[in-house]
Each structure stands twice: as structure tokens, then as C-alpha cells.
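Read off the chains here:
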Amino acid sequence: MVLEKKTTMQLVCFSHLSWKFVYQRPQHLLSRFTKDYAVYYIEEFIYSTEEDGYSINITNENVTVIVPHLCNSIKEVRNETKRKEIILKNLFKEHSIQSYIFWYYTPMALAFTANFNPLAIVYDCMDELSAFKFAPPELKIYEQELFKKANVVFTGGNNLYKAKKAQHHNIHSFPSSIDKAHFKAARDNQEEVADQSKIPHPRLGFYGVIDERFDIDLIKQAADAQPGWHFVLVGPIIKIDASTLPKNKNIHYLGPKTYEELPSYLSGWDIALIPFAINESTRYISPTKTPEYLAGGKPVISTAITDVINPYHELGLVHIVQNAEDLVQMATSELSMTDKSEWLTKVDEYLSTISWNATWERMHELMQNEIEANPNLLTDKINQYV
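Residues numbered from 1 in each chain as written. Predicted model: local features only at pLDDT ≥ 70, side-chain atom pairs only at ≥ 80, totals over all residues. Heavy atoms only, no water.

Here we come to the pairing of strand 2 (residues 9-14). With 6 of its 6 residues buried, strand 2 lies for the most part within the structure. Of the two faces of strand 2, the one lined by M9, L11 and C13 and the one lined by Q10, V12 and F14 are each fully buried. Both strand 2 and strand 3 (residues 37-42) contribute to a ladder of 6 bridges, which runs parallel. Across the sheet, Q10 pairs through a bridge with A38, a residue of strand 3. Inspection of the sheet shows strand 2 paired to strand 7 (residues 100-104) by 5 bridges, in the parallel sense. (Buried < 20%, exposed > 50% of the residue type's maximum accessible area, 1.4 Å probe, protein only. Helix = DSSP H or I, 4+ residues; strand = E, 2+ residues; numbered from the N terminus. Pairing = 2+ DSSP bridges.)

In C-alpha cells form, the structure reads like this:
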């Protein structure tokens, strides 16, 4: 008897972020894509003493994470792109990657993927990477090339969509979303985490990456103005000199935490903060922490980030401040409030309209539309007989 078997297609993602770094948009989405694809997450190349190759780790979400490495004793830089391509081709051969989609977070990967033939190309433009500290100067050139090659483009927020929409015919905005159940647990958690338990209240907290986007002066000025308040900062410090951070006794740096731990920290705060500087690196960001804080039931005070103002501030869910004086005034008002039930009802009504599941489903639909429209996708690439 002859049976028809539908083989699993592969989704190959090229990212500038380590899978282990911070659990955010790529992890939320690609973990869900494992329902329909064999997902390969290829991190940026690193240098090592070993010969050219790659290491593999399969995550709990069944994502195959590839860390490719180049031998640092080979000095022929002009051949580096070709060496990367060879490593990738070896990976494809060894894992029988034949019917695949390319998903880009970094346009820089175009340098060594030009000679491959994916069924479709997705560009998930989650940030304006060219505005970030240490961004390679050629990134904008590669992004323009990627816009030409991509079948569909997603953006990480509405403001970024407005900036990019004229560059592609099939572009869609997908702002940061939420795993509500995960963060809603913060509302009921009664146990204090050890390194936060001895910090007095009131606590104003932040979790996320502390880098050039973080408004150091805002936090210092607010901490100076209110020495009885305690500012809890959770997350890795990167791309900035840690010695430049304020050392007030009421500012507490607790370091990076896992995604699973975040609700426990959030539950112990009185107010959640989004203290980003207003500069080129934050112009187009859509902070994932905004709906996460709200799901945890915490009042949120943010600087004037466009994608926080619209929709969160305009819906009356988040306070916007311009400076430390505003922050102190707004926090003082929030700390005096005892009944937040009306606000929480509005929060839950809005959060009921968004989820990472809904985002993934819509993205998948758009991708499928492109695959079906691709003349290179032949029936024998997705169906085999055994």
C-alpha cells in the first residue's frame, strides 16, 4: 500500500542575538513555529581555536540552536564569507535541510546566504539595528538588499512600520505581545525571591537589558530625590561601562534573571518602570515589558517611547513622564492609590486582544500565503511516498 507522507519543512533563522541572552520576541515566535517546522536558530559566528564548524544545542522548546565558529588562526579575512557559506552548506547536508524558509533578524547574514535557494524569505525587523551602539556600517546596505529579496516583512512595532512601510510591498506591523498566563502569576505570588526580599518598600522596578538605551540620569535623579524609595534593576549590563552607573544605596542591581523568574521579581514591586532614554536607539522600539508589567498587575511609568504612548498611554493604561521630577510626582500619586480595580479591568480588557499565539498564527498565515504563491515550491518538495 502506498501512503502519502507530508514531510516537515525547515525554518532557518539567522539572528544577532544569542538564544540564551534574554527571552524575547525571537524565542516566543520560533518556539511556536516548532509546531509546523523543524526550526534552526543560527547565531552569529564566533572565533575559536577549533577548526571551522558549529556546535548544536536543542532547547526545551525543540529549537535547534546552532553556534557556528571560525578558526581564529586562519588569517585570510577575505575568505571569511566563503568559509561561513561552507559551514552553512555542511549543516544543511548533515541535517538534510532541503525544503526550507529563511527567517532573518540580522540583514548581515545575507553576506553568506546569497547562494541558497529558500522557498520563501521572511524579514522580522524587530528593531532599527543600525541605530544601536556598535552597529556595523554596512548593515543599512544589507537591509536594503534584504527588502528586495524578502517575500514578507514584519516589523516589531507600529512606529517602525511607519518608517519602513514604503520599502516593501508586503509589510506588516506586529508589536510586542504577551504570554498573559506567565506574567499574570505575579498578581498572586506571595513568596519573595531571596535577593529582593530584604529591599524595603516602596520598590520601583525594571527588568531588561541595561545598555545605551537606558536612561541612567533619570534613575539617579529620582533616587536622589527620594532616598526612601528603592529602585530595583534586573538584567544584564552590556555595551556600557558598569562603572558609570549610579551607586546610590537605594539603587539595587540584581543582575540577569531567567524568563521563568521574572514574574517573581515583578510581584514584589510597587511600580514598574520603562526608563528608556529618548534617542535614536529607542526611536522605534516596542518594549515587550509593557504588556508583561501590565499582566502582572503593576502600575507602569514610562518615558515617552512612541509605541508605549500609542496605544498604552492613550488607553489610560500607562503613565508617561518627561523627567525625574515627573516620575517622582507620578509615582507619589500611584503609591497613594488603594483601589486599582477599575484600571485593572481596563488592563485586562486590552490584554485580552493580544497574545504571542495570535501573533504567531497571523505570521504563519502570511508566510503560508507566500509559500503557496511561490512557483519554485513543487509538490514533490512537501510530499513524499513511502
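A few words on the side chain of E212. As for its placement among the helices and strands, E212 is situated in the loop between strand 11 (203-207) and helix 7 (216-225). By relative accessible area, which is 18% here, E212 ends up buried. For E212, the side chain forms a polar contact with the side chain of K239, separated by 3.3 Å. Residues in contact with E212, not counting those within four places in the same chain, are F132, K133, K239, I240, N279 and S281. (Polar contact = N/O pair within 3.5 Å; in protein donor to acceptor, adjacent residues only side chain to side chain. Contact = heavy atoms within 4.5 Å.)

Here we take up the packing of aromatic side chains. In the structure shown here, the tally under the stated rule is 27 aromatic pairs. Summarising the aromatic geometry, the rings of F33 and W103 are spaced 5.3 Å apart at their centres and angled 65° between planes, so their arrangement reads as edge-to-face. With F33 in helix 1 (residues 25-33) and W103 in strand 7, the pair connects residues that are 70 residues apart, well separated along the chain. (Phe/Tyr/Trp six-rings, centres within 6.5 Å; stacked < 30°, edge-to-face > 60°.)

So, on to the nonpolar core. The biggest cluster of nonpolar side chains holds 56 residues, and the ones touching the most others in it are F231, W269, Y293 and L294. The element contributing the most residues to this core is helix 7, with 5 residues. Residues contacting F231, with those up to four places away along its chain left out, are L204, I219, A222, A223, N250, I251, H252 and L273. (Core = buried A, V, L, I, M, F, W, Y, C linked by side-chain atoms within 4.5 Å.)

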